Every structure is written in structure tokens, then in C-alpha cells.
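# Structure assessment
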Amino acid sequence: MKETTREEITLFELLEILWDARKFFFRVAVISGCFGLVIGFSSPKEWRAEARVLLNHSDQMDLSGSLGDLAGLAGLNLPNSTSSTINPYAFEDILKGDPFIKSLLSTPFKYRSDTILFQDYCEKHLKKTWFQKLRSLPGYIASLFNQSNRVIEGYSDFIAVTAKEEQLIDRLEKRISYEYDAEKGILTFSMDIQDPLLSAQIGHFMMNYLSEYVDQFVNRQNETRLVFISNQLNEKEESFKLAQYALAKFRDENTMLNSNLVKNQLERLKTDYNLSFSLYAEMAQNYEQIKISLEEDQMVIQPLGPITIPVEEVAPNKPIILLSCVFTALTVSIFYLLVKMRVTDNR
């Protein structure tokens, strides 16, 4: 009869094994705890100044009312509305996009007792944590073999990014946080940085950038619709003049006639004239409304008070780092102990 080896252990046996190795686990916990404390106290402090703004949706100018009905009769295809809003969730992609971060890197800020470009601050003063240094090590080694910083110029429709800028963009976009409260319509965004005053300045810069971006978007949308209605207005003005001329000419040529055929033709010309006039008047009114809206100072991004310079840092979170190190070390130790016992039993 063949001998069989037991490949499973009971929970009681497992607890007994762990209890017998309690001194080993204690040493592991102490060593890993000390390592966690070293990481926690040696990691650079970071602050977060949150910018909170209220997103005011612009009023939609409805073109689907009387103008839409008249346009349908005249064979025109007008847009349903002139909504010029941006999806609030798209602002996160805007803040983490290359255009914003490149603009941020080329902006000077007050730092300590001097003014410094943000790119210079990132290269000279923005420290990395141990984990960030280990994670960026492969990229640093690869950059030693690829030192190409050639920038293609002469193309205004594209953004040129050097290898150094690409590394900075990758680092900074991970520091940006964004939150949108759909119920209240409030946007909250910030960037974690290693200086409280600089963090507040960056939050103010982000607020101004979004406000300017939205204003430009709304103006482009309004200008596009203004050009469309302007072209249609010119066409309908010509149609109105032709209908007016045709009606006047027909009346002059048939003043002495009183037949039903003449009356029917006169009614048809009057109908064409009234339709052309109504559509032309409605288009002229909408044209003036959009012109006025372009001239108005529309505040789409409304700040909810000034940005507060943070007092307490948000990183490093020393208790979390300590517990993470101890938990990871104990987990690996238990796994190591069980594997070691299995190998010993098999021998």
C-alpha cells in the first residue's frame, strides 16, 4: 500500500505555527516599522490649496421656436439651440493635458524671496519620494541612451514637447486632483506641491486658466453661430427683396383685372412675401441677440471665495506609511514561512 503525505493543515495547526514563530514576526515588525518611520520622516512634505468654483451654465438661446417653424417652411436647417457649455467632467482632461501643463511650466511664481519659473522649480526644488525615485529609475536609465531634445518648429497647430518636458508633465499630472459635485455644480481642483504659498498660486493659476478656456470656447461657439445666421440672414434678405419686388410688380401689372386667377396669384405672392418677411425679421432679431451676447462679460466660472494658503501638509501620511510597511513585511514573512515549511516537509 502506497504511503500518502498530507498536503493540507488545519486552521489550528496554522495558528500554532504562527505562534511558535512570534519572535520572528516581532523582529520583522520592528525592523519594517523602523523602515517605515525612516521613509515617513525623510519624505518631503506636500501641501494642497484647493480652488473651488461654481460652474454657471450659460443660458441656451432656443432656435427651435417660431424661427424653427418658419425655417422648416422655407427649407432651412437651423441648429436646435445655441448651447455653449462644456461637460464639467471634461475639465479634468483639460487640467491634465499637455497645453495646460506646458503653460504652467512657463509661468513665473513667487517662491521664498524670489520669482522663479515653475519649470525651474520642478527641476531644482521639487524632491522625489523613495518610491518615486525607484519608479523613475527605468526611465532615467532609458534617457541616458536617448538624449534627443530636438523640437520640431514651424507648426502652430501642434505642441512640441522635449523629453525633459515629457517627464515633468508625467510627474505633474499625477499631482493634480479634480472633483465635481454634480448636485451643487461645484468644481474643486488642486495640485499637491512642496510649498504652501506656491500651492495657492498654482490653484489661482488653474482657476484663471479654466475661466479663460471656457470664455474662449463660448465665444468660438457664438461666433460660429453668428456667421451661420449672418449668411442665412443675407440670403433671406435677398429672398425678401425678390418677394417684395414680385408682389409690387404683379400689383402694378394687374390693377384693372379682377379674375379669380389673378386673385389666387396675388394671394400666393402675399404668402411668399409674409413668410420671407417673418423669417427675415426673426433672423435679424437672433443675429442681434447673439451680437449682444458676444459683447457681454459672461462669467461662466465663478470663484467661491479666495484660495486659502494651506497650513497642514497632506503628505507624507506617516501612520499609513508605517502600517503599510509593517503589514507588507508580515504578509511576506508569513508566506515565506509557509513556503519554507512546505519545502522542508517535501524533503
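Before going into details, it helps to say that this report is about the structure given with it. Being a predicted model, the structure only gives us computed values, none of them experimental. (Residues numbered from 1 in each chain as written. Predicted model: local features only at pLDDT ≥ 70, side-chain atom pairs only at ≥ 80, totals over all residues. Heavy atoms only, no water.)

## Section: the overall build of the protein chain
- Scanning the protein chain for helices and strands turns up 11 helices and 6 strands.
- Counting every position in the protein chain, which comprises 347 residues, the buried fraction comes to 33%.
- As displayed, the protein chain offers around 23,300 Å² of accessible surface, 55% of which is attributable to carbon and sulfur atoms. (Helix = DSSP H or I, 4+ residues; strand = E, 2+ residues; numbered from the N terminus. Buried < 20%, exposed > 50% of the residue type's maximum accessible area, 1.4 Å probe, protein only. Areas by Shrake-Rupley, 256 points an atom, 1.4 Å probe, with all protein chains shown as cover.)

## A look at the nonpolar core
- Formed by 42 residues in total, the largest nonpolar core has its most connected members in F91, F100, F118, Y121, F189, M191 and I202.
- Residue contributions to this core peak at 10 residues, all from helix α9 (residues 196–253).
- Non-local contacts of F118, meaning those with residues more than four positions away in its chain, are made with L104, L105, T107, F109, L172, M191, I193, L198 and I202.
- In terms of nonpolar packing, the next biggest core, distinct from the first, is built from 7 residues, L233, L279, M283 and I290 among them. (Core = buried A, V, L, I, M, F, W, Y, C linked by side-chain atoms within 4.5 Å. Contact = heavy atoms within 4.5 Å.)

## Focus on the pattern of salt bridges
- Evaluation of the coordinates by the stated rule reveals 7 salt bridges.
- K174 serves as the salt-bridge partner of D170, at 2.9 Å between the closest nitrogen and oxygen.
- With a relative accessible area of 37%, D170 lands in the partly exposed category.
- Of the charged contacts in the structure, one is a salt bridge between D272 and R268, with a shortest N-O distance of 3.3 Å. Of the two residues, D272 and R268 are both situated in helix α10 (residues 260–295); the distance of 4 residues between them amounts to about one turn of the helix.
- Exposure remark for D272: the relative accessible area of 32% places this residue in the partly exposed category. (Salt bridge = Lys/Arg side-chain N within 4 Å of Asp/Glu carboxyl O.)

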